[in-house]
Amino acid sequence: MKTLYRKEKIKMFLLDYYFGYGKWITILRLIGGPGLILIGLDLYKKGFDKFSVAYSGFCLLYGVYMIFKPYLWVLFRLDNYKTEDIEIKISDDIILLKDGKNESKVGFETFKNIIDKKSYFTFVISKSQRLRIPKRLIETEEQEIIKNRIKTHYNTW
């Protein structure tokens, strides 16, 4: 069994949150919060009436929320990001995941996409559900199985 650390899980989530959903979402998530703060400050300076001042306050608060949202997500779901010992075995058809108490077999046909990142693989199950596995936990031969699967079954243009 190999250890998957909390810090590593959080890092993979944050990288996927900002850079794992396409160019437009990345731009919105990187620029949206600071942009709303700037708009709120500008509206506050030019505050013509009570509504524009109130709207500027909303923009400021929502901009701050957008900046800290992924960190709050991790903080409120900290139990999902605990350090654990796992064993991973990959064959041509399935991924077998074992921890101290559970064993899961996931067929490759379950995944809508597989994304090869620098230090981990992201297995997309649905729009909101992803499985992230660090490459250091996967044997070289098993990584080749995943890469071949990406080439033959998923469009990566």
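Here we summarise the structure given alongside this text. What you are looking at is a predicted structure, and each value in this text was computed from that prediction instead of being measured.

**Observations regarding helix 1 (residues 6–19)**
- Taking 1.5 Å per residue as the helical rise, helix 1 with its 14 residues ought to reach 20 Å, and the 20 Å between its terminal C-alpha atoms agrees with that figure.
- Each element contacted by the buried residues of helix 1 is listed here: strand 1 (2–4), helix 2 (23–45), helix 3 (50–76), strand 2 (84–90), strand 6 (120–124) and strand 7 (130–134).

**A few points about the packing of helix 2 against helix 3**
- Direction vectors running N to C along helix 2 and helix 3 enclose 155°, while the axes themselves pass 7 Å from each other. Judged by the angle between their axes, helix 2 and helix 3 are roughly antiparallel. For the element pair helix 2 and helix 3, the recorded crossing hand is left-handed. Between helix 2 and helix 3, the contacting residues are Leu28, Gly32, Gly33, Pro34, Leu36, Ile37, Ile39, Gly40, Leu41, Leu43 and Tyr44 on the first element and Ser52, Val53, Tyr55, Ser56, Cys59, Leu60, Tyr62, Gly63, Val64, Met66 and Ile67 on the second.
- Considered class by class, the residues forming the contact of helix 2 with helix 3 number 16 nonpolar, 6 polar and no charged.

**A short note on the side chain of lysine 9**
- Among the secondary structure elements, lysine 9 is positioned in helix 1.
- A polar atom in the side chain of lysine 9 sits 3.0 Å from the backbone oxygen of lysine 82.
- Ignoring any residue separated from it by four or fewer positions in sequence, one finds lysine 9 in contact with Leu4, Asn80, Tyr81, Lys82 and Glu84.

**A look at the packing of helix 1 against helix 3**
- Helix 3 packs onto helix 1 with a crossing angle of 145° between their chain directions and a minimal axis gap of 11 Å. Between helix 1 and helix 3 the crossing geometry is right-handed. For the pair formed by helix 1 and helix 3, the contact residues are Ile10, Phe13, Leu14, Tyr17 and Tyr18 on the first element and Ile67, Lys69, Pro70, Tyr71, Trp73 and Val74 on the second.
- When the residues that make up the contact of helix 1 with helix 3 are grouped by side-chain class, the tally is 10 nonpolar, no polar and 1 charged.

**Remarks on the nonpolar core**
- Counting residues in hydrophobic clusters, the biggest one holds 20 residues, and the most contacted among them are Ile88, Ile95, Phe108, Phe111, Ile114, Phe123 and Ile146.
- If you list the elements that add at least two residues to this core, you get strand 2, strand 3 (94–98), strand 6 and helix 4 (140–153).
- Leaving out residues up to four positions away in the same chain, isoleucine 95 has contacts with Ile88, Lys89, Ile90, Ser104, Lys105, Val106, Phe108, Phe111, Phe123 and Ile133.
- Membership of the second largest hydrophobic core comes to 6 residues, among which are Phe13, Tyr17, Tyr18 and Val74.

**Some remarks on the packing of aromatic side chains**
- For the structure shown, the criterion picks out 11 aromatic pairs.
- Aromatic rings pair up to connect Phe13, Tyr17, Tyr18, Phe19 and Tyr81 into one cluster.
- Sitting over the ring of tyrosine 17, arginine 29 keeps its end group 3.9 Å from the ring centre.
- Over the ring of phenylalanine 121 we find lysine 135; its NZ or CZ atom is 5.0 Å from the centre of that ring.

**Side note on the sheet that holds strand 1**
- Taken together, the 4 strands give an open sheet; going across it, the order is 1-2-3-4, and neighbouring strands pair in antiparallel fashion. The sheet is open, and its two borders are formed by strand 1 and strand 4 (103–107), each paired with just one other strand. Across the sheet, the mean angle separating the axes of adjacent strands is 35° when strand polarity is ignored.
- Two strands pair when backbone bridges link them, and strand 1 and strand 2 are joined in this way by 3 bridges, in the antiparallel orientation. Bridged to leucine 4 within strand 2 is glutamate 84.

What counts and how
Residues numbered from 1 in each chain as written. Predicted model: local features only at pLDDT ≥ 70, side-chain atom pairs only at ≥ 80, totals over all residues. Heavy atoms only, no water. Helix = DSSP H or I, 4+ residues; strand = E, 2+ residues; numbered from the N terminus. Expected span 1.5 Å × (residues − 1). Contact = heavy atoms within 4.5 Å. Axes fitted to C-alpha atoms, helices over the stretch in contact; angles between N-to-C directions. Parallel < 35°, antiparallel > 145°, perpendicular 65-115°, else oblique. Left-handed = near helix turned anticlockwise from the far one by under 90°. Nonpolar A, V, L, I, M, F, W, Y, C, P; charged D, E, K, R; others polar. Polar contact = N/O pair within 3.5 Å; in protein donor to acceptor, adjacent residues only side chain to side chain. Core = buried A, V, L, I, M, F, W, Y, C linked by side-chain atoms within 4.5 Å. Buried < 20%, exposed > 50% of the residue type's maximum accessible area, 1.4 Å probe, protein only. Phe/Tyr/Trp six-rings, centres within 6.5 Å; stacked < 30°, edge-to-face > 60°. Lys NZ or Arg CZ within 6 Å of the ring centre and 35° of its normal. Pairing = 2+ DSSP bridges.

Interpretation in functional terms is not warranted from these geometric data alone.
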